[in-house]
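# Reading the structure
Residue-level listing of the chains:
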Amino acid sequence: MPLLEGSVGVEDLILLEPLVEESLLKNLQLRYENKEIYTYIGNVVISVNPYQQLPIYGPEFIAKYRDYTFYELKPHIYALANVAYQSLRDRDRDQCILITGESGAGKTEASKLVMSYVAAVCAKGEEVNSVKEQLLQSNPVLEAFGNAKTIRNNNSSRFGKYMDIEFDFKGSPLGGVITNYLLEKSRVVKQLKGERNFHIFYQLLAGADAQLLKALKLEQDTRGYTYLNQEMSRVDGMDDASSFRVVKNAMTVIGFSEEEIRQVLEVTSLVLKLGNVEVASEFQANGISASGIRDGKGIQEIGELVGLNSEELEKALCSRTMETAKEKVVTALNVIQAQYARDALAKNIYSRLFNWIVNRINESIKVGTGEKKKVMGVLDIYGFEILEDNSFEQFVINYCNEKLQQVFIEMTLKEEQEEYKREGIPWTKVDYFDNGIICNLIEHNQRGILAMLDEECLRPGVVSDSTFLAKLNQQFSKHGHYESKVTQNAQHQHDRTMGLSCFRICHYAGKVTYNVTSFIDKNNDLLFRDLSQTMWKARHPLLRSLFPEGDPKQASLKRPPTAGAQFKSSVAILMKNLYSKNPNYIRCIKPNEHQQRGQFSSDLVATQARYLGLLENVRVRRAGYAHRQAYKPFLERYRLLSRSTWPHWNGGDREGVEKILGDLSLSSEELAFGKTKIFIRSPKTLFYLEEQRRLRLQQLATLIQKTYRGWRCRTHYQLMRKSQILISSWFRGNMQKKRYGKMKASALLIQAFVRGWKARKNYRKYFRSGAALTLANFIYKSIAQKFLLGLKNNLPSTNVLDDKWPAAPYKCFRTASEELRQLFYQWKCKKFRDQLSPKQVEILREKLCASELFRGKKASYPQSVPIPFRGDYIGLQGNPKLQKLKGGEEGPVLMAETVKKVNRSNGKTSSRILLLTKGHVILTDTKKSQAKTVIGLDSLAGVSVTSLKDGLFNLHLNETTSVASKGDFLLVSEHVVELLTKMYRAVLDATQRQLPVTVTDKFSVRFKEGSVTVQVIQGQGGDGNSKLSCKKKGSRCLEVTVQ
Ligand SMILES: Nc1ncnc2c1ncn2[C@@H]1O[C@H](COP(=O)(O)OP(=O)(O)OP(=O)(O)O)[C@@H](O)[C@H]1O
Ligand SMILES: [Mg+2]
């Protein structure tokens, strides 16, 4: 099967190839399996019940379909509703939407979708919203009273419904009118296995609170009611209690008063309670069987509920009054008849209640008479029915469908023809099956089946269903669409499926065999007058109003119209209504018998497709041209197929289309150019166009891709190139800048040097070379000057003993400072020396000599330093006697003193006077005036002296001299330092020889007898005046202890 681009199967069956049932089914199945439940046949929508909530409804989808034209989006009920609504609003054409299909095919759901779409897209406003709300809320109320669970549909509408929604010129809803058809009232008293009574009974029992139940004299358990199917009280997925609240709320929204709601519920409960009225057989005295009510309580309660006399009610249920012009005859009814009467009453009450509710709703939603209205009718009516046992109901239903098919064919053809005419295309006659003959068979005023049924019902004499059948056989023995056992026999046909009490009609959708049993009864639809009169007598206003014929004043002997006649006339009104409007079709299909999602039973769908005349539908649509489209969208879609129209076309739409189709060299028979539309005869041509478009699209896509890729690469390359140039220019610029900066800096440096050099050269003459050195020298000098001047002004004292000297202020002056200090010191000393007298000089020289000899060596030296050397300690100057001791020697006595001479033999001492002259040392006994010993200074070999404080000393004599024979002199002097100093100087002066002065504590003394070693020892606790004690230790040692 060729597919149109982007669609699953074909979205429009007009394009189906080949046009046979099989491909039609396959297409529907393919789409159904892909959750595409809607398919078009032109502007007809086929809807296959998905039995699941699909995500294709709601505000966003409504918004989408509102903005697009019919064929632009996927097939949808919204698209159809949109076309209808827009045509109504913009073209002022009344619309009708015909929804047909089997029970459970989704008609009611479809009608709700249409209503909700229209409600969503039409204008908004407080008043409008309340009208919309009322219209929408009529659904739950009608569904509660008119729908029931059947084996085919859990929410099956048991009545036909046509609803006119009326709009003002702006397209805002004003209100509406609902017409209902043929409520299945037999359901009130009896239901098939697995089915339920009308929803309202269950909703009432489940949803009413205890108080309400009590007021209605009901009990909650459904099993307590004979009219409610015992084994089926609940339906899966249905919440009766909450539905009850919804219904009550909906009634309030529509405008039912509290009182009205109560009354409706009372009548409903009356029906339920009637079912529980049990009739029992009784026997009259004359032996004729009669009947009576078995349990008086039930009938009593009914009486209380609706204000009836229970006895009267019992009488009305169990007897019948026959009234002729002259007399009234009351006959008792047997049990069967009484039960029939009871059930007939229940059915009548309920169906009248239903009609009353519809009228009450109409009252609320009706539009004022003066206003100019546009109308959109929505017909949700039972589809073609073929049951196992088809009765009067199926007969009228199928009649209705036959009529609808007629409308459909006529209107479609008419529409087709009108379109051809509008577009200026010659109309070619279309061959199609005209079901007028079947409609005629049923509805002909004199010779139609319905007319004959009425005639039979009215005819005096014995009337039965079989007499009726016999008449039919007689009448239609030659009719091509009528069959029965009799006609078959006449034609020697053997058909076991045909019963004796049956007749068969060849409907457009197939043959249906009807059983005539109870045709007469059902057509009569009579309620005994006693019952209607009793009902009229009730004090209950609603119940009373339901039976106006019970009013004796209005009682007429004229029979009410039969059910068939009523139905026929309402169908006629409906047809008239539909013919006056622009039709839109929704054909609903049930995909399986099990209310299961995803299951597609081809056989079942095939049957429905046949009933619905889908193929017929396609054929009619394709009779002339299969496809048509306005020039503009056609040009838009296919202009890419011709070089003249692609990519730009500046001419008119029609010329453009002609160009495209001319370029494709399509046969002229295939095409017809209308005024605004192009017509294409066969789907093949359209598929060819589509295929060409697909190929061309691929080419164009490749071209776009190619161009795009090229463009992308080019721009990328250009961008890269530009970037590269930019980068390199920046880089080069930067490099040059850096180089230039370097060059500039170098040039500046060189310049600076050259300028400096030049300047220096020019200015050199203005500077003395070596100025720095000069400056440095100057600074140095000035520092030195400052230092020296400072020194001069702050010279330390000239006291030789004061050795203070200011520190050098700079390191560099340290050496100079030291030298200056020494100079200063020497200068000070010189100054000191210069002021000394020769005598003082001599004294100091002596002191100096003593220092050189003994300082640091002899312990008594320090004591000797401050004491001036007197030289004469014996008073020599004034003592001539002592002067003589000196002999004749010239010169002064340098030293005169009393010394002690140590004896070698015992170590004892003896005093002697010692004189020192310039040439001699003279020793004299103190008592004698003659010199005892004179020692020439040249004979002195040396002197030994101790280091201690004592005055012991030894004069070593040269052995070669004559004096030496006496041996050395071991003497003790109190002024040993002075003596020996003077002696040393005298020796030096006299002999120019330095007398060796040895400071030692152990020395040897040469005596005449031999040498003795003198050992000097420091005794204990010596004070300043040392005392000697000499002790001889052996012959050669003398130990001297110094205290
Ligand atoms: N478009 C839909 N989307 C989802 N479920 C649907 C749709 N249409 C129908 N159904 C399901 O199918 C059930 C039967 O649909 P509906 O009552 O509309 O059938 P009907 O044709 O009115 O039958 P009847 O003639 O018995 O009244 C609905 O209760 C719902 O569950
Ligand atoms: Mg329905």
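Residues numbered from 1 in each chain as written. Chains lettered and ligands numbered in written order. Predicted model: local features only at pLDDT ≥ 70, side-chain atom pairs only at ≥ 80, totals over all residues. Heavy atoms only, no water.

## So, the overall build of the protein chain
Along the protein chain, the regular secondary structure elements total 33 helices and 31 strands. For the protein chain, the C-alpha radius of gyration of 80 Å lies well beyond 31 Å, the compact-globule estimate for 1043 residues. Seen along its three principal axes, the alpha-carbon backbone of the protein chain occupies a region of about 235 × 90 × 60 Å. Of all 1043 residues assigned to the protein chain, the portion counted as buried reaches 49%. Considering only contacts within the protein chain whose residues lie at least 6 apart along the sequence, 65% involve residues at least 24 apart. Here the protein chain displays about 54,100 Å² of accessible surface, and carbon together with sulfur accounts for 53% of that area. (Helix = DSSP H or I, 4+ residues; strand = E, 2+ residues; numbered from the N terminus. Rg over C-alpha atoms; globule rule 2.2 N^0.38 Å. Buried < 20%, exposed > 50% of the residue type's maximum accessible area, 1.4 Å probe, protein only. Contact = heavy atoms within 4.5 Å. Areas by Shrake-Rupley, 256 points an atom, 1.4 Å probe, with all protein chains shown as cover.)

## Observations regarding helix α33 (residues 976–991)
Relative to the 22 Å expected for 16 residues at 1.5 Å per residue, α33 spans 21 Å between its end C-alpha atoms, a close match to the ideal helical length. Most of α33 is tucked away: 12 of the 16 residues are buried. Listed in full, the buried residues belonging to α33 are Val976, Val977, Glu978, Leu979, Leu980, Thr981, Lys982, Met983, Tyr984, Arg985, Ala986 and Val987. Where α33 terminates, the next one or two residues include Gln992, which has phi positive at roughly 50°. (Expected span 1.5 Å × (residues − 1).)

## Concerning the coordination of the magnesium ion (ligand 2)
Around the magnesium ion (ligand 2), the protein contributes the donor atoms Thr108 (OG1) and Ser157 (OG), at 1.9 to 2.0 Å from the metal centre. Of this pair, Thr108 sits in helix α4 (residues 107–121) while Ser157 sits in strand β5 (residues 156–157), and the two are 49 residues apart along the sequence. Comparing Thr108 with Ser157 shows no difference in burial state: the two are buried. (Donors = N, O, S within 2.8 Å, 3.2 Å for Na, K, Ca; no water.)

## A word on the packing of helix α12 (residues 310–318) against helix α20 (residues 529–537)
The geometry of α12 relative to α20 is characterised by a closest axis approach of 8 Å and an angle of 160° between their N-to-C directions. As far as their axial angle goes, α20 and α12 are roughly antiparallel. Every pair of crossing elements has a handedness; the one defined by α12 and α20 is left-handed. Taken together, the residues of α20 that come into contact with α12 (itself represented by Glu312, Leu313, Ala316 and Leu317) are Asp530, Leu531, Thr534, Met535 and Lys537. The residue makeup of the contact of α12 with α20, split by class, is 5 nonpolar, 1 polar and 3 charged. (Axes fitted to C-alpha atoms, helices over the stretch in contact; angles between N-to-C directions. Parallel < 35°, antiparallel > 145°, perpendicular 65-115°, else oblique. Left-handed = near helix turned anticlockwise from the far one by under 90°. Nonpolar A, V, L, I, M, F, W, Y, C, P; charged D, E, K, R; others polar.)

## Topic: the packing of aromatic side chains
Here a ring pair, both rings aromatic, is described through the centre-centre distance and the interplanar angle of the planes. In the structure shown here, the tally under the stated rule is 31 aromatic pairs. An angle of 20° between the planes, with centres 5.8 Å apart, marks the rings of Tyr482 and Phe503 as stacked. Taken as a pair, Tyr482 in strand β13 (residues 482–484) and Phe503 in strand β14 (residues 502–507) lie far apart in primary sequence, 21 residues in all. Here Tyr482 falls in the buried class, since its relative accessible area comes to 3%. When the ring centre of Phe256 is taken as origin, the NZ or CZ atom of Arg360, which lies over that ring, is 5.2 Å away. (Phe/Tyr/Trp six-rings, centres within 6.5 Å; stacked < 30°, edge-to-face > 60°. Lys NZ or Arg CZ within 6 Å of the ring centre and 35° of its normal.)

## Thoughts on the sheet that holds strand β30 (residues 1028–1032)
Strands sit in the order β28-β29-β31-β30 across an open sheet of 4 strands; the sheet is mixed. Of all strands in the sheet, those with a lone pairing partner are β28 (1002–1006) and β30, marking the two edges. Neighbouring strand axes in the sheet, compared pairwise and without regard to direction, differ in orientation by 25° on average. Pairing of β30 with strand β31 (residues 1037–1042) involves 5 bridges; the strand directions are antiparallel. (Pairing = 2+ DSSP bridges.)

## Quick look at the pattern of salt bridges
Going through the model one piece at a time under the given rule, you end up with 50 salt bridges. We note a salt bridge from Lys297 to Glu301, for which the minimum N-O separation is 3.6 Å. With Lys297 and Glu301 both in helix α11 (residues 296–306) and 4 residues apart, the pair spans about one turn of that helix. Given a relative accessible area of 56%, Lys297 falls into the exposed group. One salt bridge connects Asp968 with Arg1006, and the closest N-O pair in it is separated by 3.9 Å. (Salt bridge = Lys/Arg side-chain N within 4 Å of Asp/Glu carboxyl O.)

## Structural notes on the pairing of strand β12 (residues 374–380)
By the criterion of burial, β12 is predominantly enclosed, with 7 of the 7 residues buried. Burial along β12 is two-sided: Lys374, Met376, Val378 and Asp380 and Val375, Gly377 and Leu379, pointing in opposite directions, are all buried. The sheet contact formed by strand β3 (residues 95–101) and β12 spans 5 bridges and is parallel. The residue bridging Ile99 from the neighbouring strand is Asp380, located in β12.

## Description of the UniProt feature "binding site: ATP" (unreviewed entry) in the protein chain
According to UniProt, the "binding site: ATP" (unreviewed entry) feature falls on Gly101, Glu102, Ser103, Gly104, Ala105, Gly106, Lys107 and Thr108. Setting aside residues up to four positions removed in sequence, Gly104 forms contacts with Asn49, Tyr51, Arg152, Asn153 and Lys590. Within the element layout of this structure, Ala105 appears in the loop between β3 and α4. Not counting residues within four places of it along the chain, the set of residues in contact with Ala105 comprises Ser47, Asn49, Cys588, Ile589 and Lys590. (UniProt positions renumbered as here; feature names shortened; annotations may be inferred.)

## Examining the packing of helix α30 (residues 838–854) against α33
At a minimum axis separation of 9 Å, α30 and α33 run at an interaxial angle of 100°. Taken together, the axes of α30 and α33 lie roughly perpendicular to each other. Along its contact with α30, which presents Glu842, Arg845, Glu846, Cys849, Ala850, Leu853 and Phe854, the element α33 presents Val977, Leu980, Thr981, Lys982, Tyr984 and Arg985.

## Concerning the site of ligand 1
Ser103, Lys107, Thr108, Ser156 and Ser157 are the nearest of the 19 residues found near ligand 1. Within the side chain of Ser103, a nitrogen or oxygen atom sits 2.5 Å from an oxygen atom of ligand 1. Ala105 is positioned with one of its backbone polar atoms (N or O) 3.3 Å from an oxygen atom of ligand 1. Listed by contribution, the elements that provide at least two residues to the shell around ligand 1 are α4 and β5. (Near = heavy atom within 4 Å. Polar contact = N/O pair within 3.5 Å; in protein donor to acceptor, adjacent residues only side chain to side chain.)

## Looking at a positive patch on the surface
Judged by side-chain charge, Lys928, Lys932, Lys966 and Lys1008 come together as a positively charged surface patch. As for its placement among the helices and strands, Lys966 is situated in the loop between β25 (952–957) and β26 (969–972). Look at Lys966 and you get partly exposed, because its relative accessible area is 41%. (Patch = residues over 30% accessible without salt bridge, like charges linked within 9 Å, V, L, I, M, F, W, Y side chains within 5 Å. Lys, Arg positive; Asp, Glu negative; His and termini not counted. Charge placed at Lys NZ, Arg CZ, Asp CG, Glu CD.)

## Comments concerning the nonpolar core
Membership of the largest hydrophobic core comes to 205 residues, with the highest contact counts inside it found for Phe145, Leu345, Ile349, Phe395, Phe503 and Leu689. A per-element tally of this core places helix α13 (residues 335–365) first, with 13 residues. Excluding anything up to four places from it in sequence, Phe395 contacts Ile442, Ile449, Leu450, Phe503, Ile505, Tyr514 and Phe519. Leu940, Val963, Val976 and Tyr984 belong to the second-largest nonpolar core, a separate cluster that totals 34 residues. (Core = buried A, V, L, I, M, F, W, Y, C linked by side-chain atoms within 4.5 Å.)

## Topic: the side chain of Asn27
Turning to its location among the elements, Asn27 is positioned in helix α1 (residues 21–33). For Asn27, a relative accessible area of 0% puts it in the buried group. Among the polar contacts listed, one links the side chain of Asn27 to the backbone nitrogen of Val10, at a separation of 2.8 Å.

## Let's talk about the side chain of Arg628
Relative to the assigned elements, Arg628 resides in strand β17 (residues 627–630). One polar contact links Arg628 to Glu419, side chain to side chain, over a distance of 3.2 Å. At a separation of 2.4 Å, a polar atom in the side chain of Arg628 contacts the main-chain carbonyl oxygen of Tyr625. Once residues lying within four places of it in the same chain are set aside, the contact partners of Arg628 are Glu416, Glu419, Tyr420, Arg621, Lys677, Ile678 and Phe679.

## A look at the sheet that holds strand β1 (residues 38–41)
The 7 strands lie next to each other as β1-β2-β16-β3-β12-β6-β7, forming an open sheet whose pairing is mixed. Either end of the sheet is taken by a strand with one partner, and the two such strands are β1 and β7 (173–181). Looking at each pair of strands side by side, their axes are set apart by 20° on average, direction ignored. Here strand β6 (residues 160–167) pairs with β7 via 8 bridges, running antiparallel. Along β7, the bridge assignment pairs Tyr162 with Thr179. Relative to β1, α1 is tilted by about 150°, and along the sheet it contacts β1, β2 (44–48) and β16 (582–589). Packing of helix α5 (residues 126–146) onto the sheet brings it into contact with β6 and β7, and relative to β7 it is tilted by some 15°.

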